[in-house]
Amino acid sequence: MKIRDWRSVAFTGATGLATFCIVAMVVVILGNIVWDGAAQMSLRFIFGGTSEGMFDAQKAGVFPMIFGTVALVVLMTIGVVPVGVITAVYLTEYARHESLITRVIRGAINNLAGVPSIVFGLFGLGFFVQFVGGGIDKVFFGGQLHYAKPALIWAAATMAVLTLPVVIVATEEALRAVPHGFREGSLALGATKLETIWKVVLPQALPGILTGAILAVGRGAGEVAPIMFTGAAYYLAHLPKGPTDQFMHLGYHVFVLSTQSPDIERTKPILYGTVLVLLLLTFLLNLTAVLVRAGIRAKLRAANG
Amino acid sequence: MDNPVFHIEKLNFWYGAKQALFDVDVTIRPNQSTAFIGPSGCGKTTLLRCLNRMNDLIERTRVEGKIALHGQGLYAPEVDVIELRKRVGMVFQKSNPFPKSIFDNIAYGLRIQGVNSKNDLADRIEASLRKAALWDEVKDRLNDSAMALSGGQQQRLCIARAIAVEPEVLLMDEPCSALDPVATAKIEELIQDLKKEFTIVIVTHNMQQAARVSDHTAFFYLGKLVEFDVTTKIFTNPANKQTEDYVTGRFG
Ligand SMILES: Nc1ncnc2c1ncn2[C@@H]1O[C@H](COP(=O)(O)OP(=O)(O)OP(=O)(O)O)[C@@H](O)[C@H]1O
Ligand SMILES: [Mg+2]
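Residues numbered from 1 in each chain as written. Chains lettered and ligands numbered in written order. Predicted model: local features only at pLDDT ≥ 70, side-chain atom pairs only at ≥ 80, totals over all residues. Heavy atoms only, no water.

Inspection of the secondary structure assignment puts A:Thr196 in helix 8 (residues 193-222). A distance of 2.8 Å separates polar atoms of two side chains, one belonging to A:Thr196 and the other to A:Ser186. The contact partners of A:Thr196, leaving out residues within four places of it in the chain, are A:Arg183, A:Ser186, A:Leu187, A:Ala191, A:Val201 and B:Tyr108. (Helix = DSSP H or I, 4+ residues; strand = E, 2+ residues; numbered from the N terminus. Polar contact = N/O pair within 3.5 Å; in protein donor to acceptor, adjacent residues only side chain to side chain. Contact = heavy atoms within 4.5 Å.)

Written out as structure tokens, the structure reads:
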């Protein structure tokens, strides 16, 4: 064979090997989690709490963490989607594209996406908990402590800031993909810009916006660092009663179990179980969003002929 | 003659640093159709889009000179652009129905103007589809997507959508450029009809079409108005040599 052929064979082999390694790693990790986690699965585990023994595989459950994680992700989504969409609408529909302000905002968004998540945790503590929460307490409660403490709502807000770039970028792309002719057609009929965006542009962009939301949910369900200082609790006797309470969280629970357990061997099954539940929950949340998007796409496709 | 609808005087237009129109003077008369002709890039679309201020949507454009609609300056600060566009409708070169049902495409503009009752909507949608010579083809499928219509049907739908809101003036930018001769003939017929109710300004590359449908014709070249006169004069006895070359196809 010629040298060129050898090179090509070697290169194909190397890339194939790399791919195989990655796939193998994923399979091993997932297999390990599913295998050992499944052993821990039971209705008691899923619907039980931690009051009878947090580190005892026979007694511990993860329901409070499931509840807390879902509550966090839902609140985060409620927060991030409107803000992200409005920002993206401003950037694509209103702002002048070459202006300095627009470029500065874009740069800020890109930088936001690159900030380590622990920094968001500290930011959330400083800004939401102490500044916003403290401000609310000072103004409405005469300095009494109601809001200036870690809480579900502050963790959700922090997480919303963390996932903001994802939603903005996805929405911007979706908006730009809406043909210019639709906008002109609407405006030429005497529609205002707002009517045009609301009735013509956004409905077309909805699947793309949902993609952004899905990515945000995927990211938000798994991150732990941003909520450590802003709302997640090590242990709570009750489920959170409202958005100002602290909450337990699957990801944080994994961290707690693996660092705080007095007897790691006995905790291991809970650890596996918790990780499996976290994976399944993320998958389920994503699946829901994907199904909603598929429904909307089908409707749009019907309208698009 | 009667009062002009549009009076354009010494109009200059820039896209950024690039000037697209130079000292253009045109007068558009009511219930007539005026054709803009000229080689590609001579500024026909630009001028047309000045008439309903669609060019406002393009960044870094600048207008100088005068355009008046019934004596009222179009670019005066007190002009409400939204109201202006309700009075001056537009049909685009590339047909652009909304990705909604046929019904909703026409209802869109009507609803914006505050027509909401089901009966009113249905009546006015039927009337405008009839005027646009599309009713017979779509009356059984008003709830189907407009995107499923053929190109010619889509363009007629866009015309129906524009006339449903009863503008005073209808601007048409090469409305037939993507259509076959049958659809083109239908739209030309339609223009003859529409003239009774609306004032029409039409951009076209088709000399026969300009000759057939328009009362006045303006010939542009490189952003300048070369000649503006009644259509028969432009096509039979133009004053300018360039015009003659262009309309007889001996241009360039
Ligand atoms: N959005 C724009 N930005 C910059 N220049 C533009 C823009 N639109 C048009 N122009 C320029 O302005 C000049 C006139 O363009 P216009 O579209 O009015 O021509 P036209 O007569 O309609 O041509 P056609 O027959 O090809 O449609 C052209 O030189 C064109 O390149
Ligand atoms: Mg043009």
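Before going further, it helps to examine the nonpolar core. Grouped together as the largest cluster of nonpolar side chains are 114 residues, with contacts concentrated most on B:Leu129 and B:Ile159. The next biggest cluster of nonpolar side chains, apart from the first, holds 32 residues, and it includes A:Leu187, B:Val5, B:Phe6 and B:Val26. (Core = buried A, V, L, I, M, F, W, Y, C linked by side-chain atoms within 4.5 Å. Buried < 20%, exposed > 50% of the residue type's maximum accessible area, 1.4 Å probe, protein only.)

Since there are 3.6 residues in each turn of an α-helix, residues three or four apart along the chain are aligned in direction. Residues and elements named next belong to chain B. Taking 1.5 Å per residue, 14 residues should reach 20 Å; helix 4 (residues 118-131) reaches 20 Å between its end C-alpha atoms and fits that length. The set of residues buried in helix 4 consists of Leu-121, Ile-125, Ser-128 and Leu-129. Around the axis of helix 4, the buried residues are gathered within 100 degrees of arc, so they sit on the same side. With respect to the buried face of helix 4, the exposed residues turned more than 90 degrees away are Asn-119 and Asp-123. Next to the buried residues of helix 4 lie helix 3 (102-112), helix 5 (135-138) and helix 6 (151-164). (Expected span 1.5 Å × (residues − 1). Arc of directions from axis to C-beta.)

Our focus in this paragraph is the pairing of strand 6 (residues 88-91) of chain B. All names here are of chain B. Residues Val-88 and Met-90 line one face of strand 6 and the alternating positions Gly-89 and Val-91 line the opposite face, and both faces are buried. The pairing of strand 6 with strand 7 (residues 169-173) spans four bridges and is parallel. Its bridge partner being in strand 7, Val-88 is matched across the sheet by Val-169. (Pairing = 2+ DSSP bridges.)

A separate point is the site of ligand 1. Residue and element names in this part refer to chain B. Taken together, 13 residues lie near ligand 1, and Ser-40, Lys-44, Thr-45, Thr-46 and His-205 sit nearest. In the model, an oxygen atom of ligand 1 is placed 2.5 Å from a nitrogen or oxygen of the Ser-40 side chain. In this structure, an oxygen atom belonging to ligand 1 sits 2.8 Å away from a main-chain N or O atom of Gly-41. In isolation ligand 1 has 630 Å² of accessible area, and contact with the protein removes 66% of it. Mapped onto the shell around ligand 1, the elements with two or more residues apiece are strand 2 (18-28) and helix 1 (44-51). A per-element tally of the shell around ligand 1 places helix 1 first, with three residues. (Near = heavy atom within 4 Å. Areas by Shrake-Rupley, 256 points an atom, 1.4 Å probe, with all protein chains shown as cover.)

Between chain B and chain A, the contact holds 28 residues from the first and 24 residues from the second. For chain B, the biggest contributors to the area lost against chain A are B:Glu59, B:Pro99 and B:Tyr108; these three give 28% of the whole. Seen at the junction of chain B and chain A, the total is two salt bridges. The partner of A:Glu184 in a salt bridge is B:Arg49, and the shortest N-O contact between them spans 2.9 Å. (Buried area = accessible area lost by both parts, 1.4 Å probe. Salt bridge = Lys/Arg side-chain N within 4 Å of Asp/Glu carboxyl O.)

Let us look at the packing of aromatic side chains. Under the definition given, this model contains 14 aromatic pairs over all chains. Ring centres of A:Phe128 and A:Trp154 lie 6.2 Å apart, and the angle between their planes is 10 degrees; this geometry places the pair in the stacked category. Here A:Trp154 lies in helix 6 (residues 152-176) and A:Phe128 lies in helix 5 (residues 117-140), a separation of 26 residues in the sequence. Taking the relative accessible area as the measure of exposure, A:Trp154 reaches 6% and is therefore buried. Each ring, one from B:Phe13 and one from B:Tyr15, has its centre 5.0 Å from the other, and the planes form 75 degrees; the classification is edge-to-face. (Phe/Tyr/Trp six-rings, centres within 6.5 Å; stacked < 30°, edge-to-face > 60°.)

Before going further, it helps to spend a moment on the pattern of salt bridges. Applying the stated criterion to the full structure yields 25 salt bridges over all chains. One salt bridge in this structure joins B:Lys186 and B:Glu137, with 3.6 Å as the shortest N-O distance. Of this pair, B:Lys186 sits in helix 7 (residues 181-194) while B:Glu137 sits in helix 5, and the two are 49 residues apart along the sequence. Of the residues examined, B:Glu137 reaches a relative accessible area of 29% and is grouped as partly exposed. Through salt bridges that share partners, A:Arg106, A:Glu172 and A:Arg176 make up one connected network.

Attention now goes to the packing of helix 6 of chain A against helix 8 of chain A. Residue and element names in this part refer to chain A. Where helix 6 contacts helix 8, the two axes come as close as 8 Å, and the packing angle between them is 150 degrees. By the angle between their directions, the pair helix 6 and helix 8 is classed as roughly antiparallel. Handedness of the crossing formed by helix 6 with helix 8: right-handed. Counting all contacts with helix 6, which are made through Met-159, Leu-162, Thr-163, Val-166, Val-167, Ala-170, Thr-171, Ala-174 and Leu-175, the residues of helix 8 involved are Val-201, Leu-202, Ala-205, Gly-208, Ile-209, Gly-212, Leu-215, Ala-216, Arg-219 and Gly-220. Tallied by class, the residues present in the contact of helix 6 with helix 8 amount to 13 nonpolar, five polar and one charged. (Axes fitted to C-alpha atoms, helices over the stretch in contact; angles between N-to-C directions. Parallel < 35°, antiparallel > 145°, perpendicular 65-115°, else oblique. Left-handed = near helix turned anticlockwise from the far one by under 90°. Nonpolar A, V, L, I, M, F, W, Y, C, P; charged D, E, K, R; others polar.)

Further remarks concern helix 5 of chain A. All names here are of chain A. Along its length, helix 5 reaches its greatest deviation from straightness, about 30 degrees, at Gly-124. Where helix 5 is concerned, the buried positions are Ser-117, Phe-120, Gly-121, Gly-124, Phe-128, Val-129, Gly-133, Gly-134 and Asp-137. Elements that come into contact with the buried residues of helix 5 comprise helix 4 (100-114), helix 6 and helix 9 (225-228). One or two residues past the end of helix 5 sits Gly-142, with phi positive at roughly 55 degrees. (Bend = angle between axes of the 7 residues up to and from the residue.)

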